[in-house]
Structure formats: C-alpha cells, structure tokens
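Reading the structure
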Amino acid sequence: MKPMRSLLKSFQYAYEGMRYCLITQRNMRIHFFFVSLVTLGGIVFKIQLVEWIALFVTFSLVITSEMFNTAIEKTVDLVTEEWSEKAKIAKDVAAGAVLINAVVAVLVGFLVFFHRIVEVLEGWIF
Ligand SMILES: Nc1ncnc2c1ncn2[C@@H]1O[C@H](COP(=O)(O)OP(=O)(O)OP(=O)(O)O)[C@@H](O)[C@H]1O
C-alpha cells in the first residue's frame, strides 16, 4: 500500500474505533455530554488559557481511558466469555482507571468553575 493511502486508512480505522465507542458505550456518551457542557461553560466564563489546557488534558484522559477500557473488555471477551478471576481483574482494573480519571476531571472542573459560579450567584443575590 502507498504510504499516503496507508496513512489515510489508519485514520479511518481510528475513526471507526471512536465511532464504535460512541455508539455502543453509554459511559462514553455521558463523557461527551459533560465535555460539551464544560466547553460551553469555558466559553461563557471566558476561562484562561492554562485552564483550557487543564480541561483538554482531563477530557483526553477520560475519553482515552474509556476507549482503552472498551478495548480491554473486548479483548477479554475474545479470550473467554466464561467466568474467570483473571478476566474479572482485567476488566475491574480497566474500569478503575476510568473512574480515577473521571474523579480527577470533576476536581479540575470544580477548581476552574466553582468560584466563578459562586460569583455569579452572589451577583444575583446581592
Ligand atoms: N468473564 C468474566 N469473568 C468474571 N467477571 C466478569 C467477566 N466479564 C465481566 N465480569 C465482571 O463484570 C463487570 C462488567 O463487565 P462487562 O464486560 O459487562 O462490562 P460493562 O458492563 O460493559 O462495563 P462498562 O460499564 O465499563 O462498559 C466487570 O468489571 C467484571 O467485574
């Protein structure tokens, strides 16, 4: 295959992987909902460059860990669909990684937006 065509093919496979996760994984749709909401919040509150960077890094961590989680689930199911202690460990560890990133994302969102939301609320009340 020519290098350019092979590069385009690899983008197409990557797109198919992302599309698969978005269509089949409910958690991925929830992540994208919050990514959209937080992005809108960032625009409305005109957050600083460093805050955008923090948010984009956390978006990426949550979404990519969810994708790795899906890949691990599928790989485990390929090996066995029977109950197995090792299968359970592999899936639980992958799910744990997503949870850690999601909790950190909530903390980052809190640090970026909490004081701004409080300021708006104070403006309304007083
Ligand atoms: N073959 C197995 N052997 C033992 N436990 C398993 C097995 N498959 C799944 N489990 C257990 O069920 C949990 C959910 O696994 P499943 O493959 O159904 O993922 P899921 O419900 O699609 O998860 P997610 O919400 O992350 O997409 C795992 O974390 C694990 O504890």
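All values reported here derive from a predicted model rather than from experimental measurement. (Residues numbered from 1 in each chain as written. Predicted model: local features only at pLDDT ≥ 70, side-chain atom pairs only at ≥ 80, totals over all residues. Heavy atoms only, no water.)

Overview of helix α4 (residues 85-125)
Three- or four-residue spacings in an α-helix give side chains the same orientation, since the helix completes a turn every 3.6 residues. Taking 1.5 Å of rise per residue, the 41 residues of α4 would be expected to cover 60 Å, and the 55 Å separating its terminal C-alpha atoms lies within 8% of that figure. If you look at α4, its biggest bend is around 40°, right at Phe113. Residues of α4 that are buried in the fold lie against α2 (26-44) and α3 (49-79). Sitting at the head of α4, Ser84 places a side-chain oxygen 3.2 Å from the backbone nitrogen of Lys86. (Helix = DSSP H or I, 4+ residues; strand = E, 2+ residues; numbered from the N terminus. Expected span 1.5 Å × (residues − 1). Bend = angle between axes of the 7 residues up to and from the residue. Contact = heavy atoms within 4.5 Å. Polar contact = N/O pair within 3.5 Å; in protein donor to acceptor, adjacent residues only side chain to side chain.)

Some thoughts on the UniProt feature "active site" (unreviewed entry) in the protein chain
The UniProt record marks Glu66 with the feature "active site" (unreviewed entry), using the residue numbering of this structure. With respect to the secondary-structure elements, Glu66 resides in helix α3. Under the relative-accessibility criterion, Glu66 is labelled buried at 2%. Other than its neighbours up to four places away in sequence, Glu66 contacts Gln25, Asn27, Met28, His31 and Val98. (UniProt positions renumbered as here; feature names shortened; annotations may be inferred. Buried < 20%, exposed > 50% of the residue type's maximum accessible area, 1.4 Å probe, protein only.)

Re the pattern of salt bridges
Applying the stated rule across the entire model yields 3 salt bridges. Across the salt bridge formed by Glu51 and Arg116, the nearest N and O atoms sit 3.0 Å from each other. Of this pair, Glu51 sits in helix α3 while Arg116 sits in helix α4, placing them 65 residues apart in sequence. Of the charged contacts in the structure, one is a salt bridge between Lys91 and Asp77, with a shortest N-O distance of 2.7 Å. Residue Lys91 is located in helix α4, and its partner Asp77 is located in helix α3; the two are separated by 14 residues in the primary sequence. (Salt bridge = Lys/Arg side-chain N within 4 Å of Asp/Glu carboxyl O.)

So, the site of the ligand
Residues in contact with the ligand, as listed here, are Gln25, Asn27, Asn69, Glu73, Glu82, Trp83, Ser84, Ala87, Lys88, Lys91 and Asp92. Separating an oxygen atom of the ligand from a side-chain N or O atom of Glu73 is a distance of 3.0 Å. In this structure, an oxygen atom belonging to the ligand sits 2.6 Å away from a side-chain N or O atom of Asp92. Mapped by element, the contributors of at least two residues to the shell around the ligand are α3 and α4. In terms of residue count, the dominant contributor to the shell around the ligand is α4 (4 residues). A breakdown of the residues in the shell around the ligand according to their chemical character gives 2 nonpolar, 4 polar and 5 charged. (Near = heavy atom within 4 Å. Nonpolar A, V, L, I, M, F, W, Y, C, P; charged D, E, K, R; others polar.)

Points about unusual backbone geometry
Residues other than glycine seldom take positive phi values, yet Lys46 does so here, at roughly 50°. In this fold, Lys46 is placed in the loop between α2 and α3. Residue Lys46 is classed as exposed on the basis of its relative accessible area, which comes to 70%.

As for a nonpolar patch on the surface
A cluster of nonpolar side chains, contributed by Ile117, Val120, Leu121, Trp124, Ile125 and Phe126, occupies part of the molecular surface with about 730 Å² of accessible area. Relative to the helices and strands, Trp124 resides in helix α4. (Patch = residues over 30% accessible without salt bridge, like charges linked within 9 Å, V, L, I, M, F, W, Y side chains within 5 Å. Areas by Shrake-Rupley, 256 points an atom, 1.4 Å probe, with all protein chains shown as cover.)

A short note on the packing of helix α1 (residues 3-24) against α3
Contact geometry for α1 and α3: axes closest at 10 Å, N-to-C directions at 85°. With respect to their mutual orientation, α1 and α3 come out roughly perpendicular. In this structure, α1 contributes Gly17, Met18, Tyr20 and Cys21 to the contact, and α3 contributes Met67, Thr70 and Lys74. Along the lines of polarity and charge, the residues of the contact of α1 with α3 split into 4 nonpolar, 2 polar and 1 charged. (Axes fitted to C-alpha atoms, helices over the stretch in contact; angles between N-to-C directions. Parallel < 35°, antiparallel > 145°, perpendicular 65-115°, else oblique.)

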